[in-house]
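Observations on the model geometry
Residues per chain are reported as follows:
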Amino acid sequence: MTNLQRLMLEIKGIDLDQNELIVYLEENGLKAHDEYNPQSATNKRNIYKTALSILESIANNVQLMKNYKLDDMTVTDFHENLLNRIDQLERKIRSMKTDEQEQTGNVFMLFNS
């Protein structure tokens, strides 16, 4: 599985041109056609950061802030739910470690003055 394919799993249901997805990946330090490494904390974190960038771009689209009526159902909370998902992703990314942080482990130092 490539980084592009993994990103498409993460943003399932969001239709963007493949070239746009490639730009988002490159902005977050990933090559679209490189092999996705699920054991790499940095790789996984960058996939989530890319998904977050895409969601933030969608949230900036004024057309999506409207109320929609689909068949007999009204979709009014799309923008609010999108912002909630952005907040969830931001918290998740902040709590994730990179490969370097996993290698050093937890180091606690107590300085005596």
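Everything discussed here concerns the structure shown above.
Everything in this summary refers to the structure shown in the same document. Note that this is a predicted model, so its numbers are computed, not measured.

Moving on, we come to the overall build of the chain. Counting its regular elements, the chain contains five helices and two strands. Going from the N terminus to the C terminus, the chain shows its helices and strands as α-α-α-β-β-α-α. Put simply, the chain has 113 residues, and 30% of those count as buried. Look at the contacts in the chain between residues 6 or more apart in sequence, and 64% of them connect residues 24 or more apart. Here the chain displays about 8,200 Å² of accessible surface, and carbon together with sulfur accounts for 49% of that area.

With that settled, the discussion passes to the nonpolar core. Core analysis: the biggest nonpolar cluster contains 23 residues, and Leu7, Leu25 and Ile54 have the highest contact counts within it. Among the elements of the structure, α1 (3-10), α2 (18-27), α3 (41-59) and α4 (78-95) are those that each provide at least two residues to this core. The greatest single-element share of this core, amounting to eight residues, is contributed by α3. For Leu7, the contacting residues outside a window of four places in its chain are Leu21, Leu25, Ile47, Thr50, Ala51 and Ile54.

Another point: α1. Of all the positions in α1, only Asn3, Leu4, Arg6 and Leu7 are classed as buried. Within α1, the buried residues cover an arc of 160° as seen down the axis, which keeps them to one side. The inward-facing, buried residues of α1 contact α2 and α3.

Moving on to the environment of Ile47. Within the secondary structure, Ile47 sits in helix α3. Note on Ile47: relative accessible area 1%, which makes it buried. Residues Ile47 and Ile93, 46 residues apart in the sequence, show an inter-C-alpha distance of 9.8 Å. Among all residues touching Ile47, those that are not within four sequence positions of it are Asn3, Arg6, Leu7, Leu25, Leu30 and Tyr36.

Here we come to the packing of α1 against α2. Their axes nearest at 11 Å, the elements α1 and α2 cross at an angle of 100°. Here α1 is positioned roughly perpendicular relative to α2, judged by the angle of their axes. Of α2, the residues touching α1 (which contributes Asn3, Leu4, Leu7 and Met8) are Gln18, Leu21 and Leu25. Across the contact of α1 with α2, the residue classes break down as five nonpolar, two polar and no charged.

Once that is clear, we can look at the packing of aromatic side chains. One pass over the full model with this rule turns up zero aromatic pairs. For Arg6, the ring lying beneath its charged end belongs to Tyr48, and the centroid distance is 6.0 Å.

With that settled, consider the pattern of salt bridges. Close approach of charged atoms lets side chains of opposite charge pair. Evaluation of the coordinates by the stated rule reveals two salt bridges. In this structure, the salt-bridge partner of Arg6 is Glu10, at a minimum N-O distance of 3.1 Å. Placement of both Arg6 and Glu10 in helix α1 is noted, with a separation of four residues, approximately one turn of the helix. Take Arg6: its relative accessible area is 12%, and that puts it in the buried class. Here Glu10 falls in the partly exposed class, since its relative accessible area comes to 22%. Residue Glu10 pairs with Arg85 through a salt bridge whose shortest N-O separation is 3.5 Å. Of this pair, Glu10 sits in helix α1 while Arg85 sits in helix α4, placing them 75 residues apart in sequence. Judged by relative accessible area, Arg85 falls into the partly exposed class, the value being 32%. Among the charged side chains, a salt-bridge network with shared partners connects Arg6, Glu10 and Arg85.

About the cut-offs
- Residues numbered from 1 in each chain as written.
- Predicted model: local features only at pLDDT ≥ 70, side-chain atom pairs only at ≥ 80, totals over all residues.
- Heavy atoms only, no water.
- Helix = DSSP H or I, 4+ residues; strand = E, 2+ residues; numbered from the N terminus.
- Buried < 20%, exposed > 50% of the residue type's maximum accessible area, 1.4 Å probe, protein only.
- Contact = heavy atoms within 4.5 Å.
- Areas by Shrake-Rupley, 256 points an atom, 1.4 Å probe, with all protein chains shown as cover.
- Core = buried A, V, L, I, M, F, W, Y, C linked by side-chain atoms within 4.5 Å.
- Arc of directions from axis to C-beta.
- Axes fitted to C-alpha atoms, helices over the stretch in contact; angles between N-to-C directions.
- Parallel < 35°, antiparallel > 145°, perpendicular 65-115°, else oblique.
- Nonpolar A, V, L, I, M, F, W, Y, C, P; charged D, E, K, R; others polar.
- Phe/Tyr/Trp six-rings, centres within 6.5 Å; stacked < 30°, edge-to-face > 60°.
- Lys NZ or Arg CZ within 6 Å of the ring centre and 35° of its normal.
- Salt bridge = Lys/Arg side-chain N within 4 Å of Asp/Glu carboxyl O.

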